[in-house]
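The residues making up each chain are set out below.
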Amino acid sequence: GAPRLLSCRNVESGEELFCDTEPEAGLDNWIPASLMNKPVKIRGWQRNDDQNFLRAESVCELTGGITFTWISELDRESSLIRLSVKLSNQGSQPVTADWFPAWSGAWSVTGAACTLQYREALSFTPHKIALQNNSTTTLSSRLHSSDAIENGKNPYWIVATDNTRLYFALDWCGGWKAELKGVPGGVSYRLFLPENETQLTLAPGESITGPALMVTPVFSNDEAESRAEWMKIRESLAARIYSGPKPTFPFGWNHWYTVRFNVDENYLARQVEAMTSYGFDYFIVDAGWYKACGDWTPHPDKFSHGVFGELMEKVQINGAKPGIWTCPQFVDPAVPTPPHLVIEDKPGFHRSFINGKLIDYVRSDFGKYLVQHIGELRKDYKIGWWKYDQDFFTAETRNGEMKNVVALQEALTTVRKAYPDLYIESCQSGGRMLNEFTVLSSQTQWIRDGGRTGIGHVRSNFAEALQSMEILPPWAVNRWINRPNENDQDNDEFTRMYCRSAMAGIWGLVADLPLIGDRQRTVIVKEVERYRKLNHLKKDCLYDIVSPEEGNPAAGVVFYNAEKTSAGLLFLRWDEKEAFKLPVAMNRIQPD
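Residues numbered from 1 in each chain as written. Predicted model: local features only at pLDDT ≥ 70, side-chain atom pairs only at ≥ 80, totals over all residues. Heavy atoms only, no water.

Engineer: Talk me through the overall build of the chain; I want residue IDs and the actual numbers.
Structural biologist: Tallying secondary structure elements over the chain gives 13 helices and 34 strands in all. Taking 2.2 N^0.38 as the reference for a compact globule, 592 residues should give roughly 25 Å; the C-alpha atoms of the chain span a radius of gyration of 25 Å, in line with that estimate. Counting only C-alpha atoms and orienting by the principal axes, one finds that the chain spans roughly 75 × 65 × 40 Å. For the chain, with 592 residues in total, the buried portion stands at 58%. Considering only contacts within the chain whose residues lie at least 6 apart along the sequence, 71% involve residues at least 24 apart. Accessible surface, the chain as shown: approximately 23200 Å² in total, 47% of it carbon and sulfur. Taken as two groups, the 63 positive and 74 negative side-chain charges of the chain have centres that lie 1 Å from each other. (Helix = DSSP H or I, 4+ residues; strand = E, 2+ residues; numbered from the N terminus. Rg over C-alpha atoms; globule rule 2.2 N^0.38 Å. Buried < 20%, exposed > 50% of the residue type's maximum accessible area, 1.4 Å probe, protein only. Contact = heavy atoms within 4.5 Å. Areas by Shrake-Rupley, 256 points an atom, 1.4 Å probe, with all protein chains shown as cover. Lys, Arg positive; Asp, Glu negative; His and termini not counted. Charge placed at Lys NZ, Arg CZ, Asp CG, Glu CD.)

Written as structure tokens, this is what we have:
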């Protein structure tokens, strides 16, 4: 009685991409034992299409009014399949689930030599292993979807043969676990929320839908072509589900790694005065500008009355859109609790870094508060960019991990739809909450923190950007160069290298601008021109990556437009000590 996707094939060609091979699919992977000690009745698949998906549901009924609903959706415009499970309590007593299912299957994949590819959280270090029979690989993350604690992984993996690729992506901001095992010609997998990421009790009349697993099969033996198809499918789906600005590659400024919390009126005024020659698209004021978490007004000890708003107006006059950092999920203990919010107090989570207590998403109308919060920032400071950041979850809460994740995602979706022209940067405490929800619902991701400058930052910038672009579209990869003035300002080659280390995706500059001398500024401005020239080729997501691996003389990426009439190369020396020699074949370019 367990659900199966019996097969997936291309309607036009008849080619099969995968098929289910599990001999007897039981319910053990779908229903916690504490709930399955009851008679089971399963209703067959019923169609329930919507505007974006061809949709089918099957309901598993247990005694006491408990139902699991399996939901299988096929994108109307592509090969993407979205899979999820809903639990409902229509009985008279509370129901507790020890863990929660996402999806399971045993699929034979068309082609030979089946491999599994996945990436470490934050570093994006790649792993590629052969899927061998009865050898299990466990992928997971704690609390946040891409957290590095407890050896966390990004919630993306690829099952590939010589001619087929299945791209798996998890739409879920919280912790998760996946168990993958090789089976003859394919993979068996079980994706679920373990007990410490579930903590779920449903009251009578309550329902909850768990993580959505996105599976995109692509029939191709070309890695770059397959990846580009996957990226463009996701771009299309994001536009239809969430709207928001189309993908772009802006050039921005941010203050954080210069003065951190010490941003003030004099500092910002100097930046605004010096910004015009760089041609910034966005001017982002990071943490420290506000009075306190929960009181999102300019700090009176740092800014004279009305001056912060005047500076944001001048930013617009100088040709950029203002951006602002906030963490509205926290409230300073000394600040009266804002309307619609309830402070989480069992056991409570205080973040000393920002002096804030985490709010209770479930008992608060967090979506209403977020819409109001962003509305005030737009009205007062005309922001075009919102950067949200800091921790969102803690290990123990009044309502449990799962309910908090659902409440947060619903609130962020409400904001996204309320402000369709707002450029949203998902920072999530430095890339720790990166997943398919944040990627599709926002414009870019701060993929990893890093306050260094110099050659060490060059290398980490470039490695993380290139490695993340195996799973993220280029516009989601947000990299910055920090305090270039602290390096040798007369070393033009190093300045160029530093700029280019952040150009693979979206590039920003973190600097006290008046400290950059004329010579270095001239080089940076020229690199901005190169960046904008390269950006025309990134939007089609067609690129070959030469990985930053130990021993390689150089690392880089070759971008192509969809028509394959143009290419752009971005390469940096890697482990070669002198000038590097690296043959690069632009074999995708049309012969003419």
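Engineer: Before we move on, could you go through the layout of surface pockets and cite the residues and values that matter?
Structural biologist: Put simply, the largest pocket is a space of about 780 Å³. Contributing to the lining of the largest pocket are 30 residues, with Ser7, Cys8, Arg9, Leu74 and Ile81 lying nearest its centre. Broken down by secondary-structure element, the contributors of at least two residues to the lining of the largest pocket are β1 (7-9), β2 (16-20), β3 (40-47), β4 (53-62), β5 (66-75) and β18 (212-219). The element contributing the most residues to the lining of the largest pocket is β5, with four residues. Each residue belonging to the lining of the largest pocket can be placed in one class, and the counts come to 14 nonpolar, five polar and eleven charged. Of the pockets and cavities examined, the second largest pocket occupies roughly 670 Å³. At the level of secondary structure, the elements contributing two or more residues to the lining of the second largest pocket comprise β4, β5, β6 (81-89), β17 (207-209), α3 (223-241) and α8 (401-418). Considered class by class, the residues forming the lining of the second largest pocket number ten nonpolar, eight polar and eight charged. (1 Å grid on protein atoms, 1.4 Å probe; cavity = no way out; pocket = protein on both sides within 12 Å on 5 of 7 lines; lining within 4 Å. Points joined across faces, edges and corners; volume = space filled by probe spheres on them. Nonpolar A, V, L, I, M, F, W, Y, C, P; charged D, E, K, R; others polar.)

Engineer: Please give an account of α8 that cites residues and values.
Structural biologist: Owing to its 3.6 residues per turn, the α-helix aligns residues three or four sequence positions apart on the same side. The end-to-end C-alpha distance of α8, which contains 18 residues, comes to 26 Å, matching closely the 26 Å that a straight helix rising 1.5 Å per residue would cover. Counting buried residues in α8 gives 14 out of 18 residues, a clear majority hidden from the surface. (Expected span 1.5 Å × (residues − 1).)

Engineer: Tell me about the side chain of Arg227, and name the residues and values.
Structural biologist: Within the secondary structure, Arg227 sits in helix α3. Of the polar contacts made by the side chain of Arg227, one reaches the side chain of Glu470; its length is 2.8 Å. (Polar contact = N/O pair within 3.5 Å; in protein donor to acceptor, adjacent residues only side chain to side chain.)

Engineer: Any details on the pattern of salt bridges? Residues and values, ideally.
Structural biologist: Pairing is possible between side chains of opposite charge, provided their charged atoms come close. Within the structure shown, the criterion is met by 45 salt bridges. Across the pair Asp575 and Arg459 runs a salt bridge whose closest N-O atoms are separated by 3.1 Å. Of this pair, Asp575 sits in the segment after β34 (567-573) while Arg459 is found in helix α11 (residues 455-468), placing the two residues 116 residues apart along the sequence. For Asp575, a relative accessible area of 29% gives the class partly exposed. Residue classification places Arg459 among the partly exposed positions, given a relative accessible area of 29%. Between Arg521 and Asp518 there is a salt bridge, and its shortest N-O distance comes to 2.5 Å. Highlighted residues: Arg521 and Asp518, both in helix α13 (residues 518-538), separated by three residues, approximately one helical turn. (Salt bridge = Lys/Arg side-chain N within 4 Å of Asp/Glu carboxyl O.)

Engineer: Account for the sheet that holds strand β8 (residues 100-109), with residues named and values stated.
Structural biologist: Strand order across the open sheet formed by six strands is β1-β2-β8-β15-β14-β11, with antiparallel pairing between neighbours. Across the chains shown, the open sheet's two edge strands, defined by having one partner strand only, are β1 and β11 (136-144). Neighbour-to-neighbour, the strand axes of this sheet turn through a mean angle of 20°, independent of strand direction. In terms of strand pairing, β1 meets β2 through three bridges, oriented antiparallel. From the neighbouring strand, Cys8 faces β2, where its bridge partner is Phe18. (Pairing = 2+ DSSP bridges. Axes fitted to C-alpha atoms, helices over the stretch in contact; angles between N-to-C directions.)

Engineer: How would you explain the side chain of Asn485 if you had to name every residue and give the values?
Structural biologist: Take Asn485: it is sitting in the loop between β30 (477-482) and α12 (492-500). Excluding residues that lie within four positions of it along the chain, Asn485 makes contacts with Leu515, Ile516 and Gln520.

Engineer: Would you mind going over helix α5 (residues 265-274) in detail, with residue names and values included?
Structural biologist: Listed as buried for α5 are Tyr267, Leu268, Gln271 and Val272. Looking straight down α5, one finds that the buried residues subtend no more than 130° of arc, so they occupy a single side. Residues Asn266 and Glu273 are exposed on α5 and point more than 90 degrees away from its buried face. On its buried face, α5 is in contact with β19 (251-254), α4 (256-259), β20 (282-285) and α6 (307-317). The opening residue of α5 is Asp264, an N-cap whose side-chain oxygen sits 3.4 Å from the backbone nitrogen of Asn266. (Arc of directions from axis to C-beta.)

Engineer: Which residues make up the pairing of β5, and what values go with them?
Structural biologist: Each regular strand carries side chains that alternate between the two faces of the sheet. Burial within β5 is extensive, with nine of its ten residues counted as buried. Hairpin remark: β4 followed by β5, antiparallel, with three residues in the connecting loop; positive phi at Gly64, about 85°. Here β5 runs beside β6; their pairing, made up of nine bridges, is antiparallel. Each residue of the ladder has a partner; that of Trp70, found in β6, is Val85. Connecting the antiparallel pair β5 and β6 is a turn made up of five residues.

Engineer: Which residues make up the packing of helix α7 (residues 366-381) against α8, and what values go with them?
Structural biologist: Across the interface, α7 lies against α8 with an axial gap of 8 Å and an inter-helix angle of 35°. Note on packing geometry: the crossing formed by α7 with α8 is right-handed. Between α7, through Phe366, Gly367, Leu370, Val371 and Ile374, and α8, the contact on the second element is made entirely by Leu408, Ala411, Leu412, Thr414, Val415 and Ala418. Taken together, the residues that form the contact of α7 with α8 break down as nine nonpolar, two polar and no charged. (Left-handed = near helix turned anticlockwise from the far one by under 90°.)

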